[in-house]
Amino acid sequence: MRISVIIPMYNEEDNVLQTLTQVKAAMKNYGDYEILAVNDGSKDNTLKLAEDFASKNPQVRVLKNPVNMGMGRALRTGFENATGDIIVTIDADLSYNTDHILKLASELINDESLDMVLGSPYMEGGEVKNVPFVRLFISKVANIFVGFSIPGDLSTVTSVLRAYRKEVLDSLELESNGTEINLEILSKVNANHFRIKEVPAVLEGRKLGQSKLKFRAKTITHVLFSFYEKPMMLFGMIGLILCFIGSISAVYLFYQYLMGTLDPTRPLMLFMVLMLVSGIQVLIFGFVATQISLLKKEMYIIQKENRLMRKRFK
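Not measured: the values here are computed from a predicted model.

1. Structural notes on the packing of aromatic side chains
For step 1, the next point in the chain: Counted according to the given criterion, the structure contains two aromatic pairs.
For step 2, the next point in the chain: Taking the centre distance of 5.9 Å and the plane angle of 75 degrees together, the rings of Phe-79 and Tyr-164 count as edge-to-face. Taken as a pair, Phe-79 in helix α3 (residues 71-81) and Tyr-164 in strand β7 (residues 162-165) lie far apart in primary sequence, 85 residues in all.
For step 3, the next point in the chain: Classification of Tyr-164 as buried rests on a relative accessible area of 1%.

2. Quick look at the domain arrangement of the protein chain
Many structure descriptions define interface size as the accessible area lost when the parts assemble.
For step 1, the next point in the chain: What the domain assignment reports for the protein chain is domain 1 (3-226) and domain 2 (231-313).
For step 2, the next point in the chain: Placing a centre on the C-alpha atoms of domain 1 and another on those of domain 2 gives a separation of 37 Å.
For step 3, the next point in the chain: On the side of domain 2, ten residues touch domain 1, which itself brings 15 residues to the contact.
For step 4, the next point in the chain: Summing both partners gives a buried area of about 1100 Å² for domain 1 against domain 2, and 58% of it is carried by carbon and sulfur.
For step 5, the next point in the chain: For the pair domain 1 and domain 2, the number of links is zero salt bridges.
For step 6, the next point in the chain: On inspection of domain 1 and its partner domain 2, the count reaches zero residue pairs in polar contact (both at pLDDT 80 or more).
For step 7, the next point in the chain: If one sorts the elements of the side of domain 1 that touches domain 2 by residue count, helix α7 (residues 181-191) sits on top with three residues.
For step 8, the next point in the chain: By residue class, the composition of the side of domain 1 that touches domain 2 is six nonpolar, six polar and three charged.

Definitions and limits used
Residues numbered from 1 in each chain as written. Predicted model: local features only at pLDDT ≥ 70, side-chain atom pairs only at ≥ 80, totals over all residues. Heavy atoms only, no water. Phe/Tyr/Trp six-rings, centres within 6.5 Å; stacked < 30°, edge-to-face > 60°. Helix = DSSP H or I, 4+ residues; strand = E, 2+ residues; numbered from the N terminus. Buried < 20%, exposed > 50% of the residue type's maximum accessible area, 1.4 Å probe, protein only. Domains from an automatic or database assignment. Contact = heavy atoms within 4.5 Å. Buried area = accessible area lost by both parts, 1.4 Å probe. Salt bridge = Lys/Arg side-chain N within 4 Å of Asp/Glu carboxyl O. Polar contact = N/O pair within 3.5 Å; in protein donor to acceptor, adjacent residues only side chain to side chain. Nonpolar A, V, L, I, M, F, W, Y, C, P; charged D, E, K, R; others polar.

Take a look at the structure:
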């Protein structure tokens, strides 16, 4: 089976030659493959270095976005141009060793029932090396939090290290331009009942260049995605807090009633009613939003069927 390795790159002049060399070396014993280096509007020498390398290595193709459009857009550019039966994505800084490429691809080659494979440093057998504590802490918390909104009991949901069957990606209507594309893919893969497997991976800290991730923006995006996927995580929490405050107020007022000290004109009476009514309304909003979310997943299935039909009749 032909393998396409997609490497999104943005301002990676310190890594580009080393990365392409190592990826090519990892694939040298595999007969049919291509390496797609996707330059996402880099402002340094990334594009020139990648094109020079590609001119001497026919297995390497350089794709480019005219301006920096985000990791999601870079990956989508790679997906649209890949010719392999299996598509593997990996970071340009090789925070995951190139040995993982064939490791993930072999899972799909050896098991025809699998549709997607995730590399996970946080599952049993996975490992993390030389990653700054703050970055590691944020990453683990993000994966735990976002993991609640994605079915499958996955340990790692934000990693770029993945392998897909091409027909799976071809069936998805992808829209994200940023890092949230990894979450969007998982959501739509789950909605379409494709089979996912996690395998242990080793994550290492960046050795050259600077990370392009903006942790604040990434954190906000991932939190919003979680609420979008499971609205009850937000509405349920707020609704229960409001109902709890209202209930505590009601218990206190009832105690005052039993003691004969209750003053019906106290503002606390109105506050109790507002808290209870508001809490119930927010919970109802959460229920309605959950039903909309379920309908959205049905829409993903319809999108898949439409895309497959268009490809069939091209």
